[in-house]
Structures are given as C-alpha cells and as structure tokens.
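# Commentary on secondary and tertiary structure
Now for the letters of each chain:
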Amino acid sequence: MAAHEMRLNPAPFRMIKSGEKTVELRLYDEKRRRIAVGDTITFTETETGETLRVTVTALHVFASFDELYRALPLIQCGYTQAELPAASPDDMLAYYSKEQQQRFGVVGIAVAVV
C-alpha cells in the first residue's frame, strides 16, 4: 500500500471531511494511475493547509467525465441535492480540458476518511 498527496479546494475538502463527498474526480494521468485500492491519500486544503487522510476504497475509471457522470451517483461526487439538476460533465472543464480527458481518461476515486 502506498501513500499519495493531493491538493483540494476548500469546498470539496470540507465535503470529504464531513462524509458528504465520497468520490474525488480527477484526470487519470500518470500520478493517478499509481493509486490502488487500500492506498491512503492525504488531501491538503489549498487555503488553510489543513490536511485530511483518507483510504481509497474503489477506483472508477472512464474515458471521459461524460461517461463518469452517467455512471456514478453525483451526490457522492460533491454535488448537493439542489445542484443536481444543473450538474454537467462540462463543470470539470474548469479543471481539465477535453484534450486532457481524451489523452488520459478520468477516474472517480472512492474514499473513506481514516
């Protein structure tokens, strides 16, 4: 089992910490391909530097966020009930381009707070 580190914006950090969000969405690039079920991830909140350690419980790999959004419960991916009607795979374009998604694919990293 390996340990990984990732930075996380304040809102998703709080949602993972509270247990509301159990799936972190990322590009399935070289760094994320090294993650395995049972590994730990230490998330560092980008503004405060607070850290949170989680265990990886599953990896959901897809070719694009379009596929991921059709397959996974978005409430577990960080959307609130009120946000669900407007949730779109295009929301992830703020972080990853279509070209990056095509090149690497994407992953939903299911986590549980340690």
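Being a predicted model, the structure only gives us computed values, none of them experimental.

## Side note on the overall build of the protein
A count of helical and extended segments in the protein gives four helices and five strands. Scanning the protein from its N terminus toward the C terminus, one meets helices and strands in the order β-α-β-α-β-β-α-α-β. Radius of gyration (C-alpha) of the protein: 13 Å, near the 13 Å computed for a compact globule of 114 residues. Along the longest, intermediate and shortest principal axes, the C-alpha atoms of the protein span 30 × 30 × 25 Å. Expressed as a percentage of the 114 residues in the protein, the buried residues total 45%. In the protein, the share of contacts with a sequence separation of at least 24, taken over all contacts with a separation of at least 6, comes to 71%. Accessible surface computed for the protein: about 6200 Å², of which carbon and sulfur atoms make up 51%.

## What to know about the environment of Leu93
Relative to the elements of secondary structure, Leu93 occurs in the loop between α3 (65-71) and α4 (98-104). Look at Leu93 and you get partly exposed, because its relative accessible area is 36%. Filtering out sequence-adjacent residues up to four positions away, Leu93 remains in contact with Lys98 and Gln101.

## Some remarks on the side chain of Gln101
Topologically, Gln101 is positioned in helix α4. For Gln101, the residues in contact, after removing those within four places along its chain, are Leu27, Ala63, Ser64, Phe65, Leu93, Tyr96 and Val106.

## What about helix α1 (residues 10-18)?
Those residues of α1 not exposed but buried are Pro10, Pro12, Phe13, Met15 and Ile16. Against β1 (3-8), β2 (23-27), β3 (40-45), β4 (51-62) and β5 (106-113) lie the buried residues of α1. Once α1 ends, the next one or two residues include Gly19, with phi positive near 90 degrees.

## Brief notes about the environment of Gln100
Looking at the element boundaries, Gln100 is found in helix α4. Residue Gln100 is classed as partly exposed on the basis of its relative accessible area, which comes to 31%. C-alpha separation for the pair Gln100 and Leu27, spaced 73 residues apart in sequence, amounts to 7.5 Å. Here Gln100 is in contact with Leu27, Tyr95 and Gly105, once residues within four sequence places are set aside.

Calculation criteria
- Residues numbered from 1 in each chain as written.
- Predicted model: local features only at pLDDT ≥ 70, side-chain atom pairs only at ≥ 80, totals over all residues.
- Heavy atoms only, no water.
- Helix = DSSP H or I, 4+ residues; strand = E, 2+ residues; numbered from the N terminus.
- Rg over C-alpha atoms; globule rule 2.2 N^0.38 Å.
- Buried < 20%, exposed > 50% of the residue type's maximum accessible area, 1.4 Å probe, protein only.
- Contact = heavy atoms within 4.5 Å.
- Areas by Shrake-Rupley, 256 points an atom, 1.4 Å probe, with all protein chains shown as cover.

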